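Listed below are the residues making up each chain.
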Number of protein chains: 2
Amino acid sequence: MAKDKKPRRPKAETPKGFRDYFGADVTERKQMLDAIADVYHRYGFDPLETSAVETLEALGKYLPDVDRPNAGVFAWQEEDGDWLALRYDMTAPLARVAAQFRNDLPTPYRRYTMGPVWRNEKPGPGRFRQFYQCDADTVGSGSVASDAEICAMLSDTLEAVGIPRGDYIVRVNNRKVLNGVMEVAGVLDPSDPDRFAHERGIVLRAIDKLDRLGEAGVRALLGAGRKDESGDFTDGANLSDAQAGVVMGFLAAKRDSGAETCARLEELVEGSAIGAEGVRELETIAALLAAQGYGPERIEIDPSVVRGLGYYTGPVFEAELTFEILDEKGRPRQFGSVAGGGRYDDLVKRFTGQAVPATGVSIGVDRLLAALRAKGRIGAAPQGPVVVTVMDRDRMADYQSMVGELRSAGIRAEVYLGNPKNFGNQLKYADKRNSPVAVIQGSDEAARGVVQIKDLFLGAKIAQSASHEEWKSQPAQFEVARADLVAEVRRIIDRAEG
Amino acid sequence: MAKDKKPRRPKAETPKGFRDYFGADVTERKQMLDAIADVYHRYGFDPLETSAVETLEALGKYLPDVDRPNAGVFAWQEEDGDWLALRYDMTAPLARVAAQFRNDLPTPYRRYTMGPVWRNEKPGPGRFRQFYQCDADTVGSGSVASDAEICAMLSDTLEAVGIPRGDYIVRVNNRKVLNGVMEVAGVLDPSDPDRFAHERGIVLRAIDKLDRLGEAGVRALLGAGRKDESGDFTDGANLSDAQAGVVMGFLAAKRDSGAETCARLEELVEGSAIGAEGVRELETIAALLAAQGYGPERIEIDPSVVRGLGYYTGPVFEAELTFEILDEKGRPRQFGSVAGGGRYDDLVKRFTGQAVPATGVSIGVDRLLAALRAKGRIGAAPQGPVVVTVMDRDRMADYQSMVGELRSAGIRAEVYLGNPKNFGNQLKYADKRNSPVAVIQGSDEAARGVVQIKDLFLGAKIAQSASHEEWKSQPAQFEVARADLVAEVRRIIDRAEG
């Protein structure tokens, strides 16, 4: 091999499934995280920030894809043999912290946390391998008052970030009621919990697909199975008609009020102790929420909520946005789920052997931002800095003094620091930055103690609406005394914002 | 193997070299990041957030340890063969972004970014493998006005986060001046830049250790070498006395003003074209900063600043905190460096083949927080939520209404959600949370339409200063009408804060 072979240049590419966030994408997310943290904090939750990296064994295998253990996680082996991994959610690290610091933390421990999580999944359109989650959990409280509180807080949070009442709904169900229904349907034997696990898996997944497949599709999956449009066949749970009827009845159990829905559920789980307990819990949650004024227009009991994760043991909840958006093909569809959670009483036990009750919620911040953008509630181009142009390279210190004064007055400002030779490029730069104002001072203006101020927003408006001749007269540019620079710029910015 | 062997429990441990941040550690850092972002934004910099993960080839090999390529980075191989890695700084991802989006970004592109970076290094006391950086860079400007601006912004930023003028100094040097000195000393041949590279490496590292080794130590390393206290011998650069004299003269070149230091440097690099260019750049920087009022009490030209990283090509700068703190052994020492940066004109070229001038600064946020904590400027225990205790489990809805009212009034509040049986535990919980107020309402109080308010801060004060008898009379607890709950709680909190 030739020794002087030139090294190949590295590719300037974001890794597959990752992306970069520029400007407003960053600040809008920050504003949302701040608004969410504000609500969580007011509810008494304390911040926690764990590192992005955990030992693989601490994370455990709680990803949806149970068939491929460790798949879905970015992991690597250390020189000393330990396996480390990037967290795939915020719940696994919380369980580790709750176990590790159990003697120091208050009980109950209420914490919130926000940050990226990583999934080693096949990337797709709009599906990224790093995304933000914003979680709040209460560890060490077995009371369903904690679950009710999380639901109320979720409702408050959605409104705080700009989703008006009526545009979202928080749906609440209970895994125990589901288990009761399974028992009544004959696919759960309390004396042998492992029996029928396969059938129950199919039933849970079928219920979870109600939105997409409709009642007939779910019914087919409860029975012999279902052939989809492409001709692929999905095996069913092979329930008898009577068994499937119990499950379908459960899915149709929703009534206008939480109390009525609970009454109907009570009939459906008759004879199942766990089912009855689940209904009582839902009743308590509904009563607590009603007493605080969270009616079914904000939070409702909905038996069709399942939540995919295997670790939930009691109440489960999900926030959905109910307005329609247009999908990639321009078809209207409901926006769907932006947050979910539930009670998981066994996660800390993995470490300590002792059951610790816990409940919490996770908000998918990036999806919520996408929703606000789809509704046009965020996403306007943010105002750029005032640009002080450079007419005379030797007077850089004068230009720096101008931006210094503007910044001291709280106005975002910068000197053009590219090559100043081509003045047109400086104005193009100011346009690209969405600057409200360009400041111009050549040696002639400097000698007379004045500056030129160019109102770029007004200029753009005139360019849009008026003829070329009018535009050329540039009424949006005017001269002011150097001493009035800050006041005049302030006046233009205030008008542009107002 | 027995099939029913119990699986080993995972250890609840933070991975070695990583740590968790609780409560105030999180909010104090957030406040600092917000304050820094505010200054960066005012200077016209736009936010950028790249993903934590980059391709290994995009990151390149710019870590200090050049002998072990890829060491220092957490990396793993994908199923498709690609190597991915966690970013080790914010500069390498910026260079990738600047190359990837060169046709869309404004020129110059000014961006700031903040977030964790990861180093796969041996952890030590106070040395973590994940820490925060907060960077600002200007890409596409070759003007030293950009370097001067970064230095001014760094000074403003330190003051904005709570380091008063006089407690820090920003030091500026220029790699070109260093190269000029090397040329004069005969260890740099402009016609054969690779020659003497080994010697120059030793000289640079020696200069970088001036603080620690003193003049005699550096002098030894420039010559035959140096034996340290433990008896270990470090090879020297084997410069002649005359050559070493040139370098030592350079280290002693600092004068009271930037102009005087530059004049002395000019003498030292006489005959070197690159050295003369470096001095001119320093003169321009000093003049620009002086014109804006940044005198040597904030920013000074200091020839001893080297900065370790190999990629700097022009001005380099470093912010040091000048006050003393006590080290682990109680000995006073200077706090040292909290930020650094410089001009690097070749990083984007790696990707595109075209040189792109760039300059920037990185603030070590965690070190800066440690400094403020050492000075007692942050770190007071934050106030916890008002805790509404549970006397009567059946009236949970009443207690929830109380916290609902408090929260609506902007007061942080929560219902005690642990097991309410032991009332003492509820008050212990409130203490642990650093709650200002506990609210108590038994059935008797409920019937009379009143609540008990316990002023926990006052209670703690009385407990500290008074006898047990006095404490038992509990003057810090009193009864108010239920309707006055919010107003009375507000009164106590305002007094505790005021």
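Residues numbered from 1 in each chain as written. Chains lettered and ligands numbered in written order. Predicted model: local features only at pLDDT ≥ 70, side-chain atom pairs only at ≥ 80, totals over all residues. Heavy atoms only, no water.

### Some points on the domain arrangement of chain A
With domains assigned, chain A is organised as domain 1 (24-374) and domain 2 (386-497). Domain 1 of chain A and domain 2 of chain A are separated by 53 Å when their C-alpha centres are compared. (Domains from an automatic or database assignment.)

### What to know about the sheet that holds strand β17 (residues 437-440) of chain B
Residue and element names in this part refer to chain B. Here 5 strands make up an open sheet; going across it, the order is β16-β15-β17-β18-β19 and the pairing mixed. Every interior strand has two partners, whereas the edge strands, β16 (413-415) and β19 (477-481), have only one. Strand after strand, the sheet turns through a mean of 25° between neighbouring axes, direction not considered. Each of β15 (386-388), β16, β17 and β18 (450-455) is contacted by helix α13 (residues 396-408), which is oriented at about 175° to β16, the strand it contacts most. (Pairing = 2+ DSSP bridges. Helix = DSSP H or I, 4+ residues; strand = E, 2+ residues; numbered from the N terminus. Axes fitted to C-alpha atoms, helices over the stretch in contact; angles between N-to-C directions. Contact = heavy atoms within 4.5 Å.)

### Remarks on the packing of helix α7 (residues 210-222) of chain B against helix α8 (residues 241-251) of chain B
All names here are of chain B. In contact at an axis separation of 9 Å, α7 and α8 are set at 160° when each is read in the N-to-C sense. With respect to α8, the element α7 is oriented roughly antiparallel. Crossing handedness for the pair α7 and α8: right-handed. Here L210, E215, V218, R219 and L222 of α7 come into contact with α8, specifically with D241, A244, V247, M248 and L251. When the residues that make up the contact of α7 with α8 are grouped by side-chain class, the tally is 7 nonpolar, no polar and 3 charged. (Parallel < 35°, antiparallel > 145°, perpendicular 65-115°, else oblique. Left-handed = near helix turned anticlockwise from the far one by under 90°. Nonpolar A, V, L, I, M, F, W, Y, C, P; charged D, E, K, R; others polar.)

### Comments concerning the side chain of A:E488
Inspection of the secondary structure assignment puts A:E488 in helix α18 (residues 485-497). Excluding its chain neighbours within four sequence positions, the residues that come into contact with A:E488 are A:I453, A:F478 and A:V480.

### Concerning the relation of the copies chain A and chain B
Relative to chain B, chain A is turned by 180° and slid 0.0 Å along the rotation axis, the superposed coordinates differing by an RMSD of 0.1 Å. Here the symmetry operator amounts to a two-fold rotation axis. No C-alpha of chain A lies nearer the rotation axis than that of A:W76, which sits 2.8 Å from it. The share of interface residues of chain A whose copies in chain B are also at the interface is 100%, consistent with both copies meeting through the same surface. (Least-squares fit on C-alpha atoms with pLDDT ≥ 70 in both.)

### As for the pairing of strand β13 (residues 332-343) of chain B
All names here are of chain B. Both strand β12 (residues 315-326) and β13 contribute to a ladder of 9 bridges, which runs antiparallel. Each bridged residue has a counterpart across the sheet, and for F317 the counterpart in β13 is G341. Connecting β12 to the next strand, β13, in antiparallel fashion are 5 residues, including G330 with a positive phi near 80°. Sheet topology places β13 next to strand β14 (residues 358-364); 5 bridges connect them, and they run antiparallel. In the strand pairing of β14, G342 is matched with G360.

### Section: the packing of helix α4 (residues 144-160) of chain A against helix α10 (residues 273-291) of chain A
Residues and elements named next belong to chain A. At a minimum axis separation of 9 Å, α4 and α10 run at an interaxial angle of 50°. The orientation of α4 relative to α10 falls into the category oblique. Like other packed secondary-structure pairs, α4 and α10 cross with a definite hand, here right-handed. Judged by residue contacts, V144, A145, D147, A148, C151 and A152 of α4 engage E281, T284, I285, L288 and L289 from α10. For the contact of α4 with α10, the class distribution of residues is 8 nonpolar, 1 polar and 2 charged.

### Here we look at the interface of chain A and chain B
Across the boundary between the two partners, chain A contributes 97 residues, which contact 97 residues of chain B. Regarding the contact of chain A and chain B, the summed buried area is about 7800 Å², with carbon and sulfur atoms giving 54% of it. The largest share of the area that chain A buries against chain B comes from A:E49, A:R412 and A:L417, three residues that together contribute 10% of it. For the interface between chain A and chain B, the tally reads 20 salt bridges. (Buried area = accessible area lost by both parts, 1.4 Å probe. Salt bridge = Lys/Arg side-chain N within 4 Å of Asp/Glu carboxyl O.)

### Some points on the sheet that holds strand β5 (residues 83-86) of chain B
What links the strands of a sheet is backbone hydrogen bonding, and the strands pair in either a parallel or an antiparallel sense. All names here are of chain B. One open sheet accounts for 3 strands, arranged β3-β5-β4; its pairing is antiparallel. The sheet is open, and its two edges are formed by β3 (53-55) and β4 (75-77), each paired on a single side. Sheet twist, expressed as the average angle between the axes of neighbouring strands with direction ignored, equals 30°. Both β3 and β5 contribute to a ladder of 3 bridges, which runs antiparallel. Residue pairing across strands places V53 opposite L86, the latter belonging to β5.

### So, the UniProt feature "binding site: L-histidine" (unreviewed entry) in chain A
Residue and element names in this part refer to chain A. Feature annotation in UniProt places "binding site: L-histidine" (unreviewed entry) on D89, M90, T91, R119, Q133, D137, R307, Y311 and Y312, given in this structure's numbering. When you line up the elements, T91 lands in helix α3 (residues 91-100). Judged by its relative accessible area of 8%, T91 falls in the buried class. The residues touching T91, leaving out its near neighbours within four places in the chain, are D135, Y311, Y344 and L347. Mapped onto the elements, D137 comes out in strand β7 (residues 130-139). On the accessibility criterion, D137 (2% relative accessible area) is buried. (UniProt positions renumbered as here; feature names shortened; annotations may be inferred. Buried < 20%, exposed > 50% of the residue type's maximum accessible area, 1.4 Å probe, protein only.)

### Examining the pairing of β12(B)
All names here are of chain B. Judged by how many residues are buried, β12 sits mostly within the fold: 9 of 12 residues are covered. Note that strand β8 (residues 168-174) and β12 share 7 bridges and pair antiparallel. Among the inter-strand pairings, V170 is bridged to a residue of β12, identified as A319.

### Points about the side chain of A:R129
Position of A:R129 among the secondary structure elements: in the loop between β6 (109-118) and β7. A polar atom in the side chain of A:R129 sits 3.0 Å from the side chain of B:E78. (Polar contact = N/O pair within 3.5 Å; in protein donor to acceptor, adjacent residues only side chain to side chain.)

### Brief notes about the packing of aromatic side chains
Per the counting criterion, the structure on display carries 17 aromatic pairs over all chains. Geometrically, the ring pair formed by A:F323 and A:F335 is tilted, given 6.3 Å between the ring centres and 45° between the ring planes. Here the residue A:F323 occupies a position in strand β12 (residues 315-326), and A:F335 occupies one in strand β13 (residues 332-343), the gap between them amounting to 12 residues. The pair formed by A:F323 and A:F335 is uniform in burial state, with each residue classed as buried. Ring-pair connections join several aromatic residues into one group, and the members of that group are A:F18, A:F74, A:W76, B:F18, B:F74 and B:W76. Above the face of the A:Y21 ring, A:R29 is positioned so that its terminal group lies 4.3 Å from the ring centre. (Phe/Tyr/Trp six-rings, centres within 6.5 Å; stacked < 30°, edge-to-face > 60°. Lys NZ or Arg CZ within 6 Å of the ring centre and 35° of its normal.)

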